[in-house]
Amino acid sequence: MSKPSPEPSERGRGMDAHNEVMRDIRSEKDATYDPHEPTRVWLDEDNTPDGVKRSLTIILNTGGCRWARAGGCTMCGYVAESVEGGSVAHEALMDQIQVCLDHEAENTDEGEGPAPLIKIYTSGSFLDEREVPAETREAIAETFADRERIVVESLPDFVSAGKLRDFTGRGLETDVAVGLETTTDRVRHDCVNKYFDFADFEGACAEAGKASASDGRAGDADEAGEASAGVKAYLLMKPPFLSESEALEDMVSSIERCADVENCHTVSMNPCNVQRYTMVDELHFRGGYRPPWLWSVAEVLRRTADVDAIVVSDPVGHGSDRGAHNCKECDDRVQTAIKDFDLRQDPSVFEQVSCECERTWELVLEEETGFAQPLTR
Ligand code: SF4
Ligand SMILES: [Zn+2]
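Residues numbered from 1 in each chain as written. Chains lettered and ligands numbered in written order. Predicted model: local features only at pLDDT ≥ 70, side-chain atom pairs only at ≥ 80, totals over all residues. Heavy atoms only, no water.

### Quick word on the overall build of the protein chain
Rules: Numbering of helices and strands starts at the N terminus; helices are DSSP runs of H or I of at least 4 residues and strands are runs of E of at least 2. Any residue under 20% of the maximum accessible area for its type is buried, any over 50% is exposed, and the rest in between are partly exposed; the area is computed with a 1.4 Å probe on protein chains only. By definition in these notes, contact holds between two residues if any of their heavy atoms fall within 4.5 Å. Accessible areas in this description were obtained via Shrake-Rupley with a 1.4 Å probe; residue shielding takes into account the shown protein chains only.
Counting its regular elements, the protein chain contains 13 helices and 8 strands. Within the protein chain, the fraction of its 377 residues that count as buried is 54%. Partitioning the contacts of the protein chain with sequence separation of at least 6, the portion at a separation of at least 24 is 76%. As presented, the protein chain carries roughly 15,800 Å² of accessible surface, and 45% of it is formed by carbon and sulfur atoms.

Encoded structure:
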């Protein structure tokens, strides 16, 4: 890929030094992708405010995130999966949706209907009309109008009640997945290089709350049933430059603050994993970064189990050097407990796992500092 360049609207945001390094790293990527194929699609199940539901998850290939073109976040390699040129036309995006529907039909057992929950991520912002034009957003809403719930990913800037009414107005419970990463502005700016503030996230939650189908469209609400919109916050466990204990404490307080924000009903804590073509990858390669311990993930879930929100975590690449890991011996067992917690929200699942490496982890929590890390591999 040629070296990305920031658009005028993105200049001067974030940290110039971070952005410059990230642009250089991203320019090493030279693969291109077919705009008629989604980046990924899979079937799974998820915990929602209405219980556990079968889900169809779609990663649409939309040309990538604007912020990533300016340099972007220190841990995010997703832009490297995007198409060359930066935008994908309506017809191609609808072809991608068709590929996903075919995948669902081929992998659904007889007697099971379509998945009630649809989750659409774009490695950017689904609600940014330069990534997904209004026409496409409406067509996608219509395609999935027979489902119960839809999740769409977006940065807070692009969240508006009007756009969300495309979904709530069709009777779909709607969630916006916002990559907030942390509630601490300093950590988000300096460690993640993400440009917005917690106040912007709170604004997006308030805006989503205005998109209930009954608001301003009384007729629709009766026709399609009451549907509301809320926010699912995505948090990043252990961004670069924080020690294990700093990361753990930041995550506990972030989950507590998110749960207190009206309309934010779910928090998804993502342990940072080492993706190619990122600053985190460069640090990891030189021995300057270790993904979090799975014990830390379990500890955060245990300490925040009583907050007023669903809290889940799905450690990607668990047990590998590039993902959240413990000693390798106990990784699968701890991961199973985490997945169990996701569905049941019961912290007692963590009482059933233990391992000798917990002592090492406790020592890391006590001794590791931001300027001398990682203490272990
Ligand atoms: S994390 Fe999100 S905002 Fe940051 S560069 Fe990646 S896609 Fe863009
Ligand atoms: Zn262990």
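### Side note on helix 3 (residues 90-107)
Applied cut-off: Helix span is expected to be 1.5 Å times the residue number reduced by one.
End to end, helix 3 covers 26 Å across 18 residues, agreeing with the expected 26 Å (1.5 Å per residue, within 8%). The complete set of buried residues in helix 3 reads His-90, Ala-92, Leu-93, Met-94, Gln-96, Ile-97, Cys-100 and Glu-104. Buried positions along helix 3 lie against strand 1 (40-48), strand 2 (51-59) and helix 4 (134-143).

### Here we look at empty space enclosed by the protein
Our working rule: Lining residues are those with an atom within 4 Å of a point, where the points come from a 1 Å grid over the protein atoms alone and group into cavities, where a 1.4 Å probe fits but cannot get out, or pockets, open sets with protein on both sides within 12 Å along at least five of seven lines. Grid points are joined across faces, edges and corners, and a volume is the space filled by probe spheres set on the points. Each residue is assigned to one class: nonpolar for Ala, Val, Leu, Ile, Met, Phe, Trp, Tyr, Cys and Pro, charged for Asp, Glu, Lys and Arg, and polar for all the others, Gly among them.
Per the counting criterion, the structure on display carries 2 cavities of 30 Å³ or more. Within this model, the largest cavity holds a volume of roughly 70 Å³. Lining the largest cavity, in full, are Asp-46, Asn-47, Thr-48, Pro-49, Leu-117, Lys-119, Arg-149, Val-151, Asp-175, Lys-232, His-265 and Thr-266. Of all the elements in the fold, those that place two or more residues in the lining of the largest cavity are strand 1, strand 3 (117-121), strand 4 (149-153) and strand 7 (264-271). Among the elements that take part in the lining of the largest cavity, strand 1 stands out by supplying 3 residues, more than any other. Classifying every residue of the lining of the largest cavity by side-chain character gives 3 nonpolar, 4 polar and 5 charged. Computed from the structure, the second largest cavity encloses a volume of approximately 40 Å³. Lining the second largest cavity we find Thr-48, Asp-50, Lys-53, Pro-116, Leu-117, Glu-148 and Arg-149.

### Re the coordination of the zinc ion (ligand 2)
Stated formally: Here the term donor refers to an N, O or S atom within 2.8 Å of the metal (or 3.2 Å for Na, K and Ca), and because water is left out of the atoms, sites may appear incomplete. Working rule for geometry: tetrahedral if four donors all subtend angles between 85 and 135 degrees; square planar for four, octahedral for six, if opposite donors exceed 155 degrees and the others stay between 65 and 115; irregular in every other situation.
Around the zinc ion (ligand 2), the protein contributes the donor atoms Cys-327 (SG), Cys-330 (SG), Cys-355 (SG) and Cys-357 (SG), which lie 2.3 Å from the metal centre. In this structure, the zinc ion (ligand 2) is surrounded by 4 donor atoms whose angles at the metal cover 103 to 114 degrees, and the resulting shape is tetrahedral.

### Description of the environment of Thr-360
If you trace the backbone, Thr-360 turns up in helix 13 (residues 357-367). Separated by 33 residues in sequence, Thr-360 and Cys-327 place their C-alpha atoms 9.2 Å apart. Beyond its immediate chain neighbours, meaning those up to four positions away, Thr-360 contacts Trp-293 and Thr-376.

### Overview of the sheet that holds strand 3
Note the threshold: Any two strands between which DSSP finds at least two bridges are classified as paired. Note on definitions: angles span 0 to 180 degrees between N-to-C directions of axes, and those axes are lines fitted to C-alpha atoms, for helices only across the stretch in contact.
The strand order across the open sheet formed by 8 strands is 1-2-3-4-5-6-7-8, and the pairing between neighbours is mixed. Among the strands making up the open sheet, the edge pair consists of strand 1 and strand 8 (310-313). Across the sheet, the mean angle from the axis of one strand to that of its neighbour is 25 degrees, orientation sign disregarded. Strand direction decides the pairing type here: strand 2 and strand 3, joined by 5 bridges, are parallel. The partner of Thr-57 across the bridge, within strand 3, is Lys-119. Contacts between helix 3 and the sheet are confined to strand 1 and strand 2, with strand 1 contributing the most and set at about 70 degrees to the helix. Seen against the sheet, helix 7 (residues 198-209) touches strand 5 (173-181), strand 6 (229-237) and strand 7 and runs at an angle of roughly 155 degrees to strand 6.

### Points about the pattern of salt bridges
Put simply, the test is: Whenever a carboxyl oxygen of Asp or Glu lies within 4 Å of a side-chain nitrogen of Lys or Arg, that contact is scored as a salt bridge.
One pass over the structure, following the stated rule, counts 25 salt bridges. As a salt-bridge pair, Glu-112 and Arg-54 come within 3.8 Å of each other at their nearest N and O atoms. Of this pair, Glu-112 sits in the loop between helix 3 and strand 3 while Arg-54 sits in strand 2, and the two are 58 residues apart along the sequence. According to the relative accessible area criterion, Glu-112 is partly exposed, its value standing at 37%. Residue classification places Arg-54 among the partly exposed residues on the basis of a relative accessible area of 27%. Bridged by salt links that share partners, the residues Asp-50, Arg-149 and Asp-175 form one connected network.

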